[in-house]
Amino acid sequence: MNIFLNQPTLLRTIMGPNNNSNEPGDDRSSITGGKGLNEPDFENMTVRAERDSDIQCKPEDRYFAIVSRRTAQLARSLIAIGYSNNHFYQKMIGFPTLFKPIYDCQSGIYISRNAMENERDTALRTLKDNPGYLMDLVERGTKVGDRLWKLSHGIKKMDFSRKTDEELKALAKQLFIDQCETCAFILIPLSIQPWLESRLREELKKKVPDDKTVEGYFAELCTPIKKNFHVLEQEEILQISLEHKKTGKLDLQRIKDYIDRYGSINYKYGIGTAWTAEEVAERVKEMDDPEKKLEALRDVHVQGDRRAIQILKELDDDPALADAIKTVRSYVWFRTFRTDAISHSLANALPLFEEIGKRNGLTSTEVIECFPSEILTSTFPSRQTIHQRQGLSILQGRDGKMYYEYGERAAKLIQEVKTISGFKESSAEQTDELRGNIAFKGRVRGTARIVLSNSELRKVNKGDVLIACMTTPDFITAMERASAFVTDEGGILCHAAIISREMKKPCVIGTKNATKSIHEGDLVEVDADSGVVRIIQPSKK
């Protein structure tokens, strides 16, 4: 059984499309998981929550805070629409959605546990009738994500000076449609992750007598089945750095091409800025032994494939185990791919939002703090209202609509949602030791740097220990400099775990409270051999 996926179209996409090609994803009618529905009505989708009951968070729905992510208004609107609106969700996933997600402007994302369990259970029932269903989802999600990336890359290169307002809106609407179709896949990897992990362990236990060996195999097999965007970026900048070390010269054209392809990594869900040539040049100059690092990075992925083959052979090429390995490794890759496509496509489309803003007296940043309906109908609120909503607002995707409120009423609604969902603001525990899960073994000491958003990445110096709620691809520059990673959230398939294995840096994940219990400047020891993080010397501040 083939335990690998076909090569991705992503690299061709970011290099620039071949106008004569017919790449996967170009045929929109072929990408569907369920019955086609009517065209989405973005223009009339947004509704002001005039009644408290318009934001629905019922105790019986078992809402909980799933992750903490800063997002621009446009990004969280499109994400919420993608998996709460059946035009997109049923078309992509193949069955109706029960999700009614709630987002606040303070990084809170609240999901119904009932809806998440329904997604898992319905997916697994579908899997019984169609054994290829989970891999079909990966293929479908890859096609729509590639298509989104390709569209946005074309938008990035466009000259908007001669385009009419209606042509700009048509481009924006197609971008929003492709975004929402990609966003339909946002939770399915998380919903089925416990089952994927359990299934792989069960298949291993059928062949392996002791738990320690099972866990060793399990850790080796939880690697991406192919290279994600950040790995391509790492390879490229290491090659630039290697050339610089050999010649003593910076290839400015190559740096320019690098920024064109990868500069958007610093941009996540509408937040952040693209790298500048000066920043890239500084990274290039600072890199130690790029030849060794490039070889090690490539070896990680070769070894991942090789070990998967070796382990399968050691265990008699069992077909059920082969399928479990392929599915887990595919979802490790897909989990990162889907968010990469969402974030980088918004970054690529910034010139479009800049042009729309210019024609409406707004900046591109203000445009992406607006709703899709406002952009498509040119009914922008005042700048004051935009900034008020940016500072305090709440929205919910529900029943094909998107309900929102801002200001004092939003503060009241956010507090009610937090109360019902059982959300508690974490506070610093009086402890000098935290425990979590081991993502990559090793032991180091370093100065703690608490990073809560990508605006704080620059404070991480070489040898520091990066402490975060969770890392995302835009953290990559800080992760290069850090000696170890510690996170509040995450499992063995999370971004921090994947990067720690690629960079071979100690990593402890799922500590729950590291960002509160550890303070900026503390001297800490990351003992990833035991899954323990110790505060050796508190900061004097």
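Anything mentioned here points back to the structure above.
In short, a report on the structure. (Residues numbered from 1 in each chain as written. Predicted model: local features only at pLDDT ≥ 70, side-chain atom pairs only at ≥ 80, totals over all residues. Heavy atoms only, no water.)

1. Focus on the environment of isoleucine 66
Turning to step 1, where the next piece is worked out: Looking at the element boundaries, isoleucine 66 is found in strand S2 (residues 63-68).
Turning to step 2, where the next piece is worked out: Owing to a relative accessible area of 19%, isoleucine 66 belongs among the buried residues under this scheme.
Turning to step 3, where the next piece is worked out: Taking the C-alpha atoms as reference points, isoleucine 66 and aspartate 251, separated by 185 residues in sequence, lie 44 Å from one another.
Turning to step 4, where the next piece is worked out: Residues within four places of isoleucine 66 in sequence aside, it is in contact with Ile109, Ile111, Met116, Leu187 and Leu190. (Helix = DSSP H or I, 4+ residues; strand = E, 2+ residues; numbered from the N terminus. Buried < 20%, exposed > 50% of the residue type's maximum accessible area, 1.4 Å probe, protein only. Contact = heavy atoms within 4.5 Å.)

2. Overview of helix H4 (residues 113-129)
Turning to step 1, where the next piece is worked out: Spanning 17 residues, H4 covers 25 Å between terminal C-alpha atoms, matching the ideal 24 Å at 1.5 Å per step.
Turning to step 2, where the next piece is worked out: Of all the positions in H4, only Ala115, Met116, Glu119, Thr122, Ala123, Leu124 and Leu127 are classed as buried.
Turning to step 3, where the next piece is worked out: On its buried face, H4 is in contact with S2, helix H3 (86-93), strand S4 (108-112), helix H5 (133-156) and helix H7 (188-205).
Turning to step 4, where the next piece is worked out: Where H4 begins, one side-chain oxygen reaches toward the backbone nitrogen of asparagine 114, 3.2 Å away; that side chain belongs to serine 112. (Expected span 1.5 Å × (residues − 1). Polar contact = N/O pair within 3.5 Å; in protein donor to acceptor, adjacent residues only side chain to side chain.)

3. Notes on the sheet that holds strand S13 (residues 484-487)
Turning to step 1, where the next piece is worked out: On the basis of which strands lie adjacent, the open sheet formed by 8 strands has the order S9-S16-S15-S11-S12-S13-S14-S10 and mixed pairing. Looking at strand neighbours, the two that pair on one side only are strand S9 (433-435) and strand S10 (437-440), the edges of this open sheet. Sheet twist, expressed as the mean angle between neighbouring strand axes with direction ignored, is 30°.
Turning to step 2, where the next piece is worked out: Here strand S15 (residues 523-527) pairs with strand S16 (residues 532-537) via 5 bridges, running antiparallel. Within the sheet, the bridge partner assigned to aspartate 527 lies in S16 and is valine 532. (Pairing = 2+ DSSP bridges. Axes fitted to C-alpha atoms, helices over the stretch in contact; angles between N-to-C directions.)

4. Considering a negative patch on the surface
Turning to step 1, where the next piece is worked out: Where like charges cluster on the molecular surface, the negative patch consists of Asp289, Glu291, Glu295 and Asp299.
Turning to step 2, where the next piece is worked out: With respect to the helices and strands, glutamate 295 occurs in helix H12 (residues 290-314).
Turning to step 3, where the next piece is worked out: Since its relative accessible area comes to 58%, glutamate 295 is described here as exposed. (Patch = residues over 30% accessible without salt bridge, like charges linked within 9 Å, V, L, I, M, F, W, Y side chains within 5 Å. Areas by Shrake-Rupley, 256 points an atom, 1.4 Å probe, with all protein chains shown as cover. Salt bridge = Lys/Arg side-chain N within 4 Å of Asp/Glu carboxyl O. Lys, Arg positive; Asp, Glu negative; His and termini not counted. Charge placed at Lys NZ, Arg CZ, Asp CG, Glu CD.)

Such coordinate-based values are descriptive only and should not be taken to indicate function.
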